Amino acid sequence: VEETNALYMIVLAKGTPSPFAKESDEEPVDEEEEVDEKDEKKAPDAKGEEASDEEPEIAETKVDLDGIAQRTIAFPLPSAYYTNLAAGDEGQLFYLKTERAFFSGEELPTLHAELCRFDLEEREEQELAKDVQSFVLAAHHEKALLRVEDGWRVADVTGDEVDTDEGELALD
């Protein structure tokens, strides 16, 4: 996706609740805690045992094509031009957002864009930096290479703000 006026997600499997559905105000009953207490009484002391060599289980991805159009959901964000979508840690999406953008089809930088992170759990957008032309998120999702007007920066993107005055790359 090059540029769009809104962001959407698709819930792939039938029966999966919408991530933007209203949350219940009822307090959940913590049945796991009760089960854990019973298991602790029965479980032998695990000190000194070697770690398991079992491989982690890979989650199955299920796609139900029937009714998939009805499971396409708009993010609760204002209409704007969204570019450079990049998946972060689980439940996070990074992107550039601007009021005006190029629609020439060329790989031109977006001027005066805001680097943002949307958190699905919190259901909110966090503006991390202003005047970012493009970015590439590192594989571990903690740092990003940012293109700003006067050069390139490497910045930490885990906090609430990104300092674009630090981390300048010397390309001389």
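Residues numbered from 1 in each chain as written. Predicted model: local features only at pLDDT ≥ 70, side-chain atom pairs only at ≥ 80, totals over all residues. Heavy atoms only, no water.

Visitor: Please clarify how the overall build of the protein chain should be interpreted in this entry.
Guide: Across its full length, the protein chain carries 1 helix and 8 strands. Moving toward the C terminus, one meets the helices and strands of the protein chain in the order β-α-β-β-β-β-β-β-β. Among the 172 residues that make up the protein chain, the fraction classed as buried is 24%. A sequence separation of at least 24 residues applies to 46% of the contacts in the protein chain between residues at least 6 apart. Accessible surface computed for the protein chain: about 13300 Å², of which carbon and sulfur atoms make up 47%. (Helix = DSSP H or I, 4+ residues; strand = E, 2+ residues; numbered from the N terminus. Buried < 20%, exposed > 50% of the residue type's maximum accessible area, 1.4 Å probe, protein only. Contact = heavy atoms within 4.5 Å. Areas by Shrake-Rupley, 256 points an atom, 1.4 Å probe, with all protein chains shown as cover.)

Visitor: Mind showing me how you'd approach the pairing of strand E5 (residues 113-119) here?
Guide: Working note: regular strand, side chains alternate between the two faces of the sheet. Where burial is concerned, most of E5 is hidden: 5 out of the 7 residues are buried. Sheet topology places strand E4 (residues 92-98) next to E5; 6 bridges connect them, and they run antiparallel. Its bridge partner being in E5, Tyr 95 is matched across the sheet by Cys 116. Examined bridge by bridge, E5 and strand E6 (residues 124-137) share 6 bridges and lie antiparallel to one another. In the strand pairing of E6, Cys 116 is matched with Glu 127. Taking the residues that link successive antiparallel strands as the turn, the E5-E6 hairpin has 4 residues, and the phi of Arg 123 there is positive, at about 60 degrees. (Pairing = 2+ DSSP bridges.)

Visitor: Hey, could you run me through the sheet that holds E6 in this one?
Guide: Hydrogen bonds between backbone atoms are what pair the strands of a sheet, whose relative direction is either parallel or antiparallel. The 6 strands lie next to each other as E3-E4-E5-E6-E7-E8, forming an open sheet whose pairing is antiparallel. What marks the edges here is a single partner per strand, and that holds for strand E3 (81-87) and strand E8 (151-156). With strand direction ignored, the average angle separating the axes of adjacent strands in the sheet is 40 degrees. (Axes fitted to C-alpha atoms, helices over the stretch in contact; angles between N-to-C directions.)

Visitor: I'm lost on the packing of aromatic side chains in this one. Help?
Guide: How two aromatic rings sit relative to each other is set out by the distance from centre to centre and by the angle between their planes. Tallied over the entire structure, the rule returns 2 aromatic pairs. Here Phe 75 and Phe 118 contribute two aromatic rings whose centre-to-centre distance is 5.1 Å and whose plane-to-plane angle is 80 degrees, an arrangement assigned as edge-to-face. Separated by 43 residues along the polypeptide, Phe 75 in the loop between strand E2 (72-74) and E3 and Phe 118 in strand E5 bring together distant segments of the chain. By relative accessible area, which is 1% here, Phe 118 ends up buried. Between Tyr 82 and Tyr 95, the ring centres sit 5.4 Å apart and the planes meet at 75 degrees, which makes this aromatic pair edge-to-face. (Phe/Tyr/Trp six-rings, centres within 6.5 Å; stacked < 30°, edge-to-face > 60°.)

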